[in-house]
Each structure stands twice: as structure tokens, then as C-alpha cells.
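Structural description and commentary
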Amino acid sequence: TIAVITAVVLPLRVASAALVGLQDVRFHGTISTATWALDLVITVSLLLAGYGLYALALGAAIPSLVSATVMVLRLRSLAPDLVRGWPMPGYAEVAALFREGFGAWLGAWGWRLSVATDAIVLASLGHPVWITMLAMTTKLGQVMTQMSWVPGDSSLVGLAQLSGEERPDRLRDAVAAVFRVYLALATGGACVLLAVNGAFVSSWVGAHLFAGAGLNAVLALLIVVSTLSHGMAVVVS
């Protein structure tokens, strides 16, 4: 299910990127937040209904498909000229897009690969139960991490425009402000995780699936570290 929906959704994400380029920030941010909320609602509802691993798969797949579809419809409404009459790109244009996008794609692929290997490592160590515990304990942290990235990511088009003005002092101040937003939200997310994740997991799926305060503290630290790394990567790119 996840593989099929991913194959469908990934090409449609061009609409999301186009909306960011058009600075339709409010709509894009609203849909992104709603997608994470839908992921949580679907996962929790299906788990409580007894669907087990299907709950995790559908919780990851369905919101992505809905979000991509909504983004395409929004782009058709906002800028219909961008979704029809596409010219056939030449070799030079494709090569330029490949050079400019390869670094970001490689970074995203590496991130997904590192996350996907957690379950494989735990299974190879002979602790399959830990896979479920890790998935449940990290869920809230993943949501908080992504939410802390939205405002800063929404400013990237504006930073590109400032860079084009060739006013380094103004650009430097703007980048510093964006980093403060990234780190302030990430720190807030870490505090929320430390304060409520144990109760959240316990009320959601049971206290026996909470991996403990030690791992929770590591996950809180990772919110800040991953946000710092993400901010540096996207601002430079």
C-alpha cells in the first residue's frame, strides 16, 4: 500500500513545490498541518479498532495522497496556466534541474533510509517488540519536528529573493531570524515531548509500549539537532 501510494504521490508533489514558489504560504502551511493531524487521527482510530500494522501503513499513506490531491486542485485554481500546455523540456533544462535538485533529493533519501533502518536493526538484534515500542514512542516527536520546520521552510522563497537583491547585511539578518524561529519551535517541541509523551503513549496504546524516559530524552534532543541540521541544509540550498 505504501509503495503504490508513494509512487503516485511523489510526482504530484510538484504542485506543492509550485505553491511554495508562488508564496501561497498560508494555504500550504494549513494543509501541511492538517495532513499531520489526519495522520495521527487515522493511526489512532485504526489502532483502537484493532487493525494493527495496517493502521500504521494507512496512517502514513492516506494523508499523503489526500494532501497531494488538494495541492494539485489548489494549483489549478490559483495558477491554471501552470498545469497545462507544458513544453517538452530540452536536455539543458533537465540537466540544470538535476544539478540543482540532486543534493536536496540525496539528503531526503538519506534521511528516509536512516529512519527506515531502525526497525531492521532492532529486528536483527532479536527484539521485535522494540520495533513497536519505538514506533509508538517516536510518533509525537516526529509530528513536533515537522511542525517546527513549517514556518522556517515557508520563508525560503523570500530568502532566495533577498539573495537576488545582493544585500548581504539584510540577508544575514533574515537568515538569523529564520534560524531563531527554527530553534525556538524545536525547543518548544522538545519541551512538549518531555512533558507529555509518556502520558500520550500510555493513553494511546498503553504504558507497556512507552520506551521509557531515557529514550524520550534522546528523542527530544534529536528534535533540536535535526532541526538545526535541516535549517542549515535548506537555507544553503
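Just above, that's the structure.
Read on for an overview of the structure. Computed from a predicted structure; not experimentally measured.

Secondary structure assignment for the protein yields 8 helices and 0 strands. Reading the helices (α) and strands (β) of the protein from amino to carboxyl end gives α-α-α-α-α-α-α-α. For 237 residues, the compact-globule estimate of 2.2 N^0.38 gives 18 Å, and the protein sits close to it at 20 Å. Seen along its three principal axes, the alpha-carbon backbone of the protein occupies a region of about 55 × 40 × 30 Å. Relative to its 237 residues, the protein shows a buried fraction of 30%. Put simply, of all contacts in the protein between residues at least 6 apart along the chain, 75% involve residues at least 24 apart. Total accessible area on the protein stands at roughly 14300 Å², and carbon and sulfur atoms take up 70% of it. In the protein, 12 positive and 11 negative side-chain charges are present, and the distance between their average locations comes to 5 Å.

Reported here for the second largest pocket is a volume of approximately 320 Å³. Around the second largest pocket, the lining comprises 13 residues; the ones closest to its centre are Val-14, Ala-15, Ala-18, Leu-75 and Trp-86. Listing elements by their share of the lining of the second largest pocket, those giving two or more residues are α1 (2-21) and α3 (53-78). Counting residues per element, the lining of the second largest pocket draws most heavily on α1, at 7 residues. Looking at side-chain class alone, the lining of the second largest pocket contains 12 nonpolar, 1 polar and no charged residues.

Within the element layout of this structure, Asn-216 appears in helix α8 (residues 213-236). At 2.8 Å, the side chain of Asn-216 forms a polar contact with the side chain of Asn-197. If near-sequence neighbours (up to four positions away) are discounted, Asn-216 is found in contact with Leu-193, Leu-194, Asn-197 and Phe-210.

One finds Leu-140, Met-144, Ala-186, Ala-190, Leu-193, Leu-219, Ala-220 and Ile-223 forming the largest nonpolar core, which totals 8 residues. Sorting the residues of this core by element identifies α5 (128-154), α7 (168-204) and α8 as the ones contributing at least two each. The contacts of Leu-193, once residues within four sequence positions are left out, are Leu-140, Gly-141, Asn-216, Leu-219, Ala-220 and Ile-223.

Conventions we followed
Residues numbered from 1 in each chain as written. Predicted model: local features only at pLDDT ≥ 70, side-chain atom pairs only at ≥ 80, totals over all residues. Heavy atoms only, no water. Helix = DSSP H or I, 4+ residues; strand = E, 2+ residues; numbered from the N terminus. Rg over C-alpha atoms; globule rule 2.2 N^0.38 Å. Buried < 20%, exposed > 50% of the residue type's maximum accessible area, 1.4 Å probe, protein only. Contact = heavy atoms within 4.5 Å. Areas by Shrake-Rupley, 256 points an atom, 1.4 Å probe, with all protein chains shown as cover. Lys, Arg positive; Asp, Glu negative; His and termini not counted. Charge placed at Lys NZ, Arg CZ, Asp CG, Glu CD. 1 Å grid on protein atoms, 1.4 Å probe; cavity = no way out; pocket = protein on both sides within 12 Å on 5 of 7 lines; lining within 4 Å. Points joined across faces, edges and corners; volume = space filled by probe spheres on them. Nonpolar A, V, L, I, M, F, W, Y, C, P; charged D, E, K, R; others polar. Polar contact = N/O pair within 3.5 Å; in protein donor to acceptor, adjacent residues only side chain to side chain. Core = buried A, V, L, I, M, F, W, Y, C linked by side-chain atoms within 4.5 Å.

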